[in-house]
Amino acid sequence: MMWLYLAALLGLYFVFHWYRERQTIPNLPDKYVLITGCDSGFGNQLARQLDRRGMWVLATCLTQKGAEQLKEATSQRLQTVILDVTNKKSVAAMAQWVKEQVGDRGLWGLVNNAGVGLPVAPNEWLTLDDFMRVLMVNLIGLIDVTLVLLPLLRKARGRIINMASSTSFVYITYVDMLNCSGVESSDR
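The rules we used
Residues numbered from 1 in each chain as written. Predicted model: local features only at pLDDT ≥ 70, side-chain atom pairs only at ≥ 80, totals over all residues. Heavy atoms only, no water. Phe/Tyr/Trp six-rings, centres within 6.5 Å; stacked < 30°, edge-to-face > 60°. Helix = DSSP H or I, 4+ residues; strand = E, 2+ residues; numbered from the N terminus. Buried < 20%, exposed > 50% of the residue type's maximum accessible area, 1.4 Å probe, protein only. Pairing = 2+ DSSP bridges. Axes fitted to C-alpha atoms, helices over the stretch in contact; angles between N-to-C directions. Contact = heavy atoms within 4.5 Å. Disulfide = S-S within 2.5 Å. Core = buried A, V, L, I, M, F, W, Y, C linked by side-chain atoms within 4.5 Å. Right-handed = clockwise from strand over helix to strand, strands pointing away.

Looking at the packing of aromatic side chains
What the rule picks out here adds up to 2 aromatic pairs. A ring pair is formed by Tyr13 and Phe14, whose centres lie 5.5 Å apart and whose planes are at 75°; its orientation type is edge-to-face. Each ring, one from Tyr32 and one from Trp56, has its centre 5.6 Å from the other, and the planes form 20°; the classification is stacked. Linking Tyr32 in strand β1 (residues 32-35) with Trp56 in strand β2 (residues 56-61), this pair joins segments that are 24 residues apart in sequence. A residue is classified by how much of its surface remains accessible, and Tyr32, at 6% relative accessible area, is buried.

Written as structure tokens, this is what we have:
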């Protein structure tokens, strides 16, 4: 009898995953997604993948070089803008640019990916400025970007994804700075 319950549970599991995988997002080519931190790494790869899937991607980069390299590798649907999440004027200029890009459609997705993890050293070797820099990028910058884009996200009933470091799940010596930045700690 126990095998019957186990088989039924396993069957429900597969039916659930089959149903979930069949779901698609309608009108994907009409949706705009903004991704911060697209110079390299995960943000860069996500921007390329969403562009290949036909979405309008608004990619923010810290450097002009990163923006140019990303634009060269993608279609016309991907647009880049320079953004320093620690600079209020830069965030305000980005928000105005996004409003012009999306118009009445609103912003369907925001991926807060910009972050720093350096310097990594024993706490005794670090200064308060080292900790403040990480907090300004990983936490305060994320909050600032999210707040200025909330009206556009609400217009499109959009989603917010906050990326976090894997160091929030495992204690690793000398990365206390990442764990104190808030976003990483809030994932638990």
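What follows continues from the structure just given.
Comments concerning the sheet that holds strand β5 (residues 159-162)
The parallel open sheet is built from 5 strands, whose spatial order is β3-β2-β1-β4-β5. The sheet is open, and its two edges are formed by β3 (78-82) and β5, each paired on a single side. Strand-to-strand, the axes of this sheet are offset by a mean angle of 15°, without reference to chain direction. Direction of pairing for strand β4 (residues 109-112) relative to β5: parallel, over a ladder of 4 bridges. Across the sheet, residue Val111 finds its bridge partner in β5, namely Ile161. On the sheet, helix α2 (residues 41-52) packs against β1, β2, β3 and β4 and is oriented at approximately 165° with respect to β1. Where helix α5 (residues 128-155) meets the sheet, its contacts fall on β1, β4 and β5, and the angle it forms with β4 comes to roughly 175°.

A few points about the environment of Met163
Mapped onto the secondary structure, Met163 falls in the loop between β5 and α6 (176-179). Placed 21 residues apart in sequence, Met163 and Leu142 show a C-alpha to C-alpha distance of 9.8 Å.

Looking at the state of the cysteines
Using the criterion set out here, one finds 0 disulfides in the structure. We note that Cys38 lacks a disulfide partner, and the nearest cysteine sulfur, in Cys61, lies 5.5 Å from it. With a relative accessible area of 0%, Cys38 lands in the buried category. The buried category is assigned to Cys61, whose relative accessible area is 1%.

Quick word on the nonpolar core
Counting residues in each nonpolar core, the largest one holds 21 residues, and the members touching the most others are Leu34, Leu58, Met94, Val98, Leu107, Val145 and Leu149. Those elements giving two or more residues to this core turn out to be β1, α4 (88-102) and α5.

Here we look at the pairing of β1
Here β1 shows no split at all, with Tyr32 and Leu34 on one side and Val33 and Ile35 on the other all buried. Sheet topology places β1 next to β2; 4 bridges connect them, and they run parallel. If you follow Ile35 over to β2, its bridge partner there is Ala59. With α2 bridging β1 and its parallel neighbour β2, the resulting β-α-β unit is right-handed. Across 3 bridges, β1 lies against β4 in parallel orientation. Looking at β4, one finds that Val33 is bridged to Gly109.

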